[in-house]
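# Structural description and commentary
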Amino acid sequence: MSKKIIILNGSPRRKGNTSALIEAFTKGAKDSGNSVTEFFLDEMDIHACKGCFGGGKNPDSPCVQKDDMDKIYSVYKEADIIVLATPLYYWTISGQLKCAFDRLFAVAECDSNCRNPKKESVLLMAAEGHGFEETLYWYDRLEKHMGWKSIGKVLCGGVMAVGDIAEKPELQDAYELGKSI
């Protein structure tokens with residue numbers, strides 16, 4: 001049975017190393033008959049969460065702020081799998097991804113108990129170095145809090161300049177992870 005997959009691309013580089021991981025993952029996922037929708041967050045008008053707890057009143061547009069998150073909400077709610085894709089910035093996810101992710105709380109506010117939609121999740125990450133420990137700590141706790149189930153992670157270190165990832169085995173790992181869905 002095919003799955004609906006949403007990718008939140010938190011990279012500022014449309015053709016960077018994170019995007020190469022996404023491309024490989026997407027090819028694998030589509031080769032297995034799944035549908036994939038990617039959002040390139042850096043080119044979207046997404047404002048930071050205000051922490052107002054005023055969301056959830058309109059399921060079609062759950063946040064009180066009106067910006068490009070309205071393009072993401074319906075796809076997110078329908079998705080079976082959410083892919084968080086990001087470069088490693090100061091031991092964690094990019095600001096673009098964090099900003100958009102925080103705004104997904106408005107969807108939880110649609111539930112009277114603020115429960116998040118149950119999803120499977122994937123983490124795709126590229127980094128200059130190899131220090132993913134802090135991000136994995138955050139990601140593992142995020143999954144537990146959200147009630148999600150991780151179906152895989154592909155972490156590629158040693159890639160700084162655009163194209164550094166070209167010969168890395170993690171591209172095949174990303175493809176295989178997508179294909180396994």
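Residues numbered from 1 in each chain as written. Predicted model: local features only at pLDDT ≥ 70, side-chain atom pairs only at ≥ 80, totals over all residues. Heavy atoms only, no water.

### What about the sheet that holds strand 5 (residues 149-156)?
Strand order in this open sheet of five strands is 2-1-3-4-5, and the pairing throughout is parallel. What marks the edges here is a single partner per strand, and that holds for strand 2 (35-40) and strand 5. Here the average twist between neighbouring strands, direction ignored, is 15 degrees. Relative to strand 4 (residues 120-126), strand 3 (residues 81-87) runs parallel, the two sharing seven bridges. Note on strand 4: the bridge partner recorded for Leu84 is Leu123. On the sheet, helix 5 (residues 133-146) packs against strand 3, strand 4 and strand 5 and is oriented at approximately 165 degrees with respect to strand 5. (Pairing = 2+ DSSP bridges. Helix = DSSP H or I, 4+ residues; strand = E, 2+ residues; numbered from the N terminus. Axes fitted to C-alpha atoms, helices over the stretch in contact; angles between N-to-C directions. Contact = heavy atoms within 4.5 Å.)

### A short note on helix 3 (residues 95-103)
Taken residue by residue, helix 3 has Leu97, Cys99, Ala100, Phe101 and Arg103 as its buried positions. Buried-residue contacts for helix 3 involve strand 1 (4-9), helix 2 (69-78), strand 3, helix 4 (105-108) and helix 5. (Buried < 20%, exposed > 50% of the residue type's maximum accessible area, 1.4 Å probe, protein only.)

### Looking at the nonpolar core
Of all hydrophobic cores here, the largest spans 31 residues; its most connected members are Leu8, Leu41, Ile72, Tyr76, Leu84 and Leu104. Look past the residues within four positions of Ile72 in its chain and what remains in contact with it is Ile6, Leu8, Phe39, Leu41, Met44, Ile46 and Leu104. (Core = buried A, V, L, I, M, F, W, Y, C linked by side-chain atoms within 4.5 Å.)

### Here's the deal with the packing of helix 1 (residues 17-31) against helix 6 (residues 170-179)
Direction vectors running N to C along helix 1 and helix 6 enclose 35 degrees, while the axes themselves pass 6 Å from each other. For the pair helix 1 and helix 6, the sense of crossing is right-handed. For the pair formed by helix 1 and helix 6, the contact residues are Ala20, Leu21, Ala24, Phe25, Lys27, Gly28, Ala29 and Asp31 on the first element and Glu170, Leu171, Ala174, Tyr175, Leu177, Gly178 and Lys179 on the second. Residue composition of the contact of helix 1 with helix 6, by class: nine nonpolar, two polar and four charged. (Left-handed = near helix turned anticlockwise from the far one by under 90°. Nonpolar A, V, L, I, M, F, W, Y, C, P; charged D, E, K, R; others polar.)

### Let's talk about the side chain of Glu120
Inspection of the secondary structure assignment puts Glu120 in strand 4. In terms of polar contacts, Glu120 uses its side chain to reach the side chain of Lys3, at 3.0 Å. Setting aside its immediate chain neighbours within four residues, Glu120 contacts Lys3, Asp80, Ile81, Ile82, Lys149 and Ile151. (Polar contact = N/O pair within 3.5 Å; in protein donor to acceptor, adjacent residues only side chain to side chain.)

### Focus on the pairing of strand 5
Examined bridge by bridge, strand 4 and strand 5 share seven bridges and lie parallel to one another. Paired with Glu120 across the bridge in strand 5 is Lys149. Running through helix 5, the crossover from strand 4 to the neighbouring parallel element strand 5 is right-handed. (Right-handed = clockwise from strand over helix to strand, strands pointing away.)

### A few points about the pairing of strand 2
As judged from the six bridges shared by strand 1 and strand 2, these two strands associate in the parallel manner. By the bridge assignment, Leu8 is partnered in strand 2 with Phe39.

### Quick word on the packing of aromatic side chains
Applying the stated rule across the entire model yields four aromatic pairs. Taken together, a centroid distance of 5.9 Å and an interplanar angle of 90 degrees make the contact between Phe53 and Phe105 edge-to-face. Taken as a pair, Phe53 in the loop between strand 2 and helix 2 and Phe105 in helix 4 lie far apart in primary sequence, 52 residues in all. Among the residues examined, Phe53 registers a relative accessible area of 64% and is labelled exposed. Aromatic side chains Phe101 and Trp148 sit 5.9 Å apart centroid to centroid with 80 degrees between the ring planes, which places their arrangement in the edge-to-face category. Remark: Trp148 occurs in the loop between helix 5 and strand 5 and Phe101 occurs in helix 3; sequence separation between them is 47 residues. Given the relative accessible area of 8%, Phe101 is considered buried. One aromatic cluster in this structure is built from Phe101, Trp138 and Trp148. Seen from the ring of Tyr76, Lys119 lies directly overhead, with NZ or CZ sitting 5.1 Å from the centre. (Phe/Tyr/Trp six-rings, centres within 6.5 Å; stacked < 30°, edge-to-face > 60°. Lys NZ or Arg CZ within 6 Å of the ring centre and 35° of its normal.)

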